[in-house]
Amino acid sequence: MLQSLAGSSCVRLVEQHRSAWCFALLVLGYLLYLVFGAVVFSSVELPYEDLLRQELGKLKQRFLEEHACLSEQQLEQFLMRVLEASNYGVSVLSNASGNWNWDFTSSLFFASTVLSTTGYGHTVPLSDGGKAFCIIYSVIGIPFTLLFLTAVVQRIIVYVTRRPVLYFHIRWGFSKQVVAIIHAIVLGFITVSCFFLIPAAIFSVLEDDWNFLESFYFCFISLSTIGLGDYVPGEGYNQKFRELYKIGITCKLSLLLGLIAMLVVLETFCELHELKKFRKLFYVKKDKEEDQVHIMEHDQLSFSSISDQAASMKDDQKANEPFVTSQSPTSNDSSPNN
């Protein structure tokens, strides 16, 4: 008897604080995922780093042996200056002297990476004025970019996602959830093909030192706005039509197409009913009693205002629900005949 009561009380306790337990599991899962990533990256990359360090050490020692007139301290100072310039995107190689990092096309590419928060890091402002302007430009430009992307995605998703799903649901009578899942998968496949596979194949041809995996890696790092900066297109020494190439990459991968397509796909998946139910497990539920008390505190509420609020709440609910069309009510006007 006591065991059954204890079991029922535990079940009630879990049900009452279900959102908190789910959130705790979410935090624990995220921390474990971080640790898992650190373990994998360390075990995979650490041997390559050790080999590279050994190779550089041998090259440095061989160079000092062949040039006895040069001391190790002088070589260290020269290498530090070269690496510092390289971090700012300036190379001392003779065949790289023709590539400017701050001509118009390169600056346009840099501005697009800043506003999209990609930030490759291969080119950074050198002057104090450039750094100050970058701060002001980003403070205004990043929210402006988010507003721009949100407005564009909201308009595109109506024609790309909601109307096709409603068409197959109403016209052919298929289940709305099934149609939404199939549509999301097809849209994701098309996006991956057009913005990952095909551009990766193109980059592997245009960039001499990139293979297909490295090109696909660059496309993913760019469109996910990670922007590690280890691969940047158009930086080759013998790059043909570099200005046109930079403009094309700016339009393709930064704002105009790539990020918009990614956001449309993410919004399509977020509107799936199953994902919405899953996300609600981790959200804090609103207290209905507090909402009722908050409403009762308004002494000047009238029945008309309450009905207007209820109608607006219904309209907002319909607008927020995916794949729902608003139907205009038909009213039959009849005039009494005396």
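No experiment lies behind these values; they were computed from the predicted model shown.

Some points on the overall build of the protein
Scanning the protein from terminus to terminus reveals twelve helices and zero strands. Listed N to C, the secondary structure of the protein is α-α-α-α-α-α-α-α-α-α-α-α in terms of helices and strands. A total of 338 residues make up the protein; the buried ones form 24% of that total. In the protein, the share of contacts with a sequence separation of at least 24, taken over all contacts with a separation of at least 6, comes to 61%. Accessible surface for the protein amounts to roughly 25100 Å². Of this, 66% is attributable to carbon and sulfur atoms.

Observations regarding the nonpolar core
If you look at the biggest cluster of nonpolar residues, it comprises 13 residues, and the most contacted ones within it are F203 and F218. Counting six residues, the second-largest nonpolar core is a separate cluster that includes L149, V153, V264 and V265.

A few points about the UniProt feature "transmembrane region" (unreviewed entry) in the protein
The positions UniProt marks with the feature "transmembrane region" (unreviewed entry) are residues 21-44, 135-157, 178-203, 215-232 and 244-266. Within residues 178-203, the helical portion is 100% and the strand portion 0%, while the C-alpha atoms at the span's ends are 36 Å from each other. Each end of residues 215-232 is marked by a C-alpha atom, and these two atoms are 10 Å apart; helix forms 50% of the span and strand 0%.

Details of the pattern of salt bridges
Going through the model one piece at a time under the given rule, you end up with five salt bridges. Linking E84 and R81 is a salt bridge whose minimum nitrogen-to-oxygen distance equals 3.3 Å. Taken together, the positions of E84 and R81, both in helix 3 (residues 72-87) and three residues apart, correspond to about one turn of that helix. Judged by its relative accessible area of 39%, E84 falls in the partly exposed class. Connected via shared salt-bridge partners are K60, E72 and E76.

Looking at unusual backbone geometry
Phi is positive for T117, close to 60°, though the residue is something other than glycine. Tracing the sequence through the fold places T117 in the loop between helix 4 (104-115) and helix 5 (128-172). A positive phi angle, close to 60°, is found at T225, a residue other than glycine. Within the element layout of this structure, T225 appears in the loop between helix 7 (212-223) and helix 8 (242-254). You can call T225 partly exposed: its relative accessible area is 26%.

Regarding the environment of F104
Position of F104 relative to the elements: it lies in helix 4. Between the C-alpha atom of F104 and that of K246, which follows or precedes it by 142 residues, the distance is 9.9 Å.

Examining the confidence of the model for the protein
On average, residues of the protein score 78 in pLDDT, and 75% of them reach the 70 mark or higher. Counting interchain partners and residues more than four positions distant, the pLDDT-below-50 stretch residues 298-307 has two contacts. This model gives residues 324-338 a pLDDT under 50, and the stretch forms three contacts once residues within four places in sequence are excluded.

About the cut-offs
- Residues numbered from 1 in each chain as written.
- Predicted model: local features only at pLDDT ≥ 70, side-chain atom pairs only at ≥ 80, totals over all residues.
- Heavy atoms only, no water.
- Helix = DSSP H or I, 4+ residues; strand = E, 2+ residues; numbered from the N terminus.
- Buried < 20%, exposed > 50% of the residue type's maximum accessible area, 1.4 Å probe, protein only.
- Contact = heavy atoms within 4.5 Å.
- Areas by Shrake-Rupley, 256 points an atom, 1.4 Å probe, with all protein chains shown as cover.
- Core = buried A, V, L, I, M, F, W, Y, C linked by side-chain atoms within 4.5 Å.
- UniProt positions renumbered as here; feature names shortened; annotations may be inferred.
- Salt bridge = Lys/Arg side-chain N within 4 Å of Asp/Glu carboxyl O.
- pLDDT = per-residue confidence, 0-100.

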